[in-house]
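Spelled out from the first residue to the last, the chains are:
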Amino acid sequence: MKPIVFALIALSTLAACGGRGSITTSGAYAPRVMYATGPLQRACISEGRSGANGMRCGCIQAVADQQLSFSEQRRGVKAFKDPHKMQVWRQSDRASDNAFWSVWKTFGQNAAAACSAT
């Protein structure tokens, strides 16, 4: 029984240590940078827009992985390739387009907040 209790305490202690990021040389905490690879990350990099870099595109993909289904991500890739599509979906009378626009708008706001420092 004691080994199990000690293991649980050790795991709890380790889990509590990871919340703020890493310590920089100045002693301040550096925030964690989210990064993932996937369809939006590749589209973001390949379109070559100003401000697009590997870290920012990877961060956007990480947020997408948390908030968008794979099919929503694939649909979003089309918007990276042709930004006018997003305007068409936003103004559409189709319920599926309106639903996608709502999800994408929320995702965009969250990605902007999470990835602005990258």
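The structure this text deals with has already been given above.
Residues numbered from 1 in each chain as written. Predicted model: local features only at pLDDT ≥ 70, side-chain atom pairs only at ≥ 80, totals over all residues. Heavy atoms only, no water.

Participant: When you look at the packing of aromatic side chains in this model, what are you seeing that I'm missing?
Facilitator: Here the distance between the centres and the angle between the planes together describe a pair of aromatic rings. Per the counting criterion, the structure on display carries three aromatic pairs. When the ring of Trp89 is compared with that of Phe100, the centres are 5.2 Å apart and the planes differ by 85°; the resulting orientation is edge-to-face. Residue Trp89 is located in helix α5 (residues 84–91), and its partner Phe100 is located in helix α6 (residues 95–115); the two are separated by eleven residues in the primary sequence. The exposure class of Phe100 is buried, given its relative accessible area of 4%. Every member of this aromatic cluster is reached through a ring pair, and the members are Trp89, Phe100, Trp104 and Phe107. The ring of Trp89 has Arg75 lying over it, and the distance from NZ or CZ to the ring centre is 4.4 Å. (Phe/Tyr/Trp six-rings, centres within 6.5 Å; stacked < 30°, edge-to-face > 60°. Helix = DSSP H or I, 4+ residues; strand = E, 2+ residues; numbered from the N terminus. Buried < 20%, exposed > 50% of the residue type's maximum accessible area, 1.4 Å probe, protein only. Lys NZ or Arg CZ within 6 Å of the ring centre and 35° of its normal.)

Participant: Got a minute to help me understand the layout of surface pockets in this structure?
Facilitator: Regions of empty space are outlined by a rolling probe, equal in size to a water molecule, passed over the atoms. By volume, the largest pocket is sized at about 330 Å³. If you go around the largest pocket, you meet 16 residues; those closest to its centre are Arg56, Ile60, Phe80, Gly108 and Ala111. Put simply, the parts of the chain that give the lining of the largest pocket at least two residues each are α3 (54–67) and α6. In terms of residue count, α6 provides more of the lining of the largest pocket than any other element does, seven residues in total. Classifying every residue of the lining of the largest pocket gives nine nonpolar, four polar and three charged. (1 Å grid on protein atoms, 1.4 Å probe; cavity = no way out; pocket = protein on both sides within 12 Å on 5 of 7 lines; lining within 4 Å. Points joined across faces, edges and corners; volume = space filled by probe spheres on them. Nonpolar A, V, L, I, M, F, W, Y, C, P; charged D, E, K, R; others polar.)

Participant: Sorry if this is basic, but what is going on with the state of the cysteines here?
Facilitator: By definition, a disulfide links the sulfur atoms of two cysteine residues through a covalent bond. Tallied over the entire structure, the rule returns two disulfides. Note that Cys44 is cross-linked by a disulfide to Cys57, the S-S spacing being 2.0 Å. Taking the sign of the torsion about the S-S bond as the criterion, the disulfide between Cys44 and Cys57, at about -60°, is left-handed. Of this pair, Cys44 sits in helix α2 (residues 39–47) while Cys57 is found in helix α3, placing the two residues 13 residues apart along the sequence. Considered together, Cys44 and Cys57 belong to a single accessibility category, that of buried residues. In this model, Cys59 is linked to Cys115 through a disulfide, with the two sulfur atoms separated by 2.1 Å. Between Cys59 and Cys115 the sulfur-sulfur dihedral comes to about -85°; the bridge is accordingly left-handed. Remark: Cys115 occurs in helix α6 and Cys59 occurs in helix α3; sequence separation between them is 56 residues. (Disulfide = S-S within 2.5 Å.)

Participant: Would you explain the packing of α2 against helix α4 (residues 70–81) in this entry?
Facilitator: To characterise two packed helices, one gives the angle between the axes of the helices and the distance between these axes. Relative orientation of the contacting elements α2 and α4 amounts to 5°, with a least axis distance of 9 Å. As summarised for this structure, α2 and α4 are arranged roughly parallel, according to the angle between their axes. Where α2 abuts α4, its residues Pro39, Leu40, Ala43, Cys44 and Glu47 lie against Phe70, Gln73, Gly76, Val77, Phe80 and Lys81. Residues belonging to the contact of α2 with α4 are distributed by class as follows: seven nonpolar, two polar and two charged. (Axes fitted to C-alpha atoms, helices over the stretch in contact; angles between N-to-C directions. Parallel < 35°, antiparallel > 145°, perpendicular 65-115°, else oblique. Contact = heavy atoms within 4.5 Å.)

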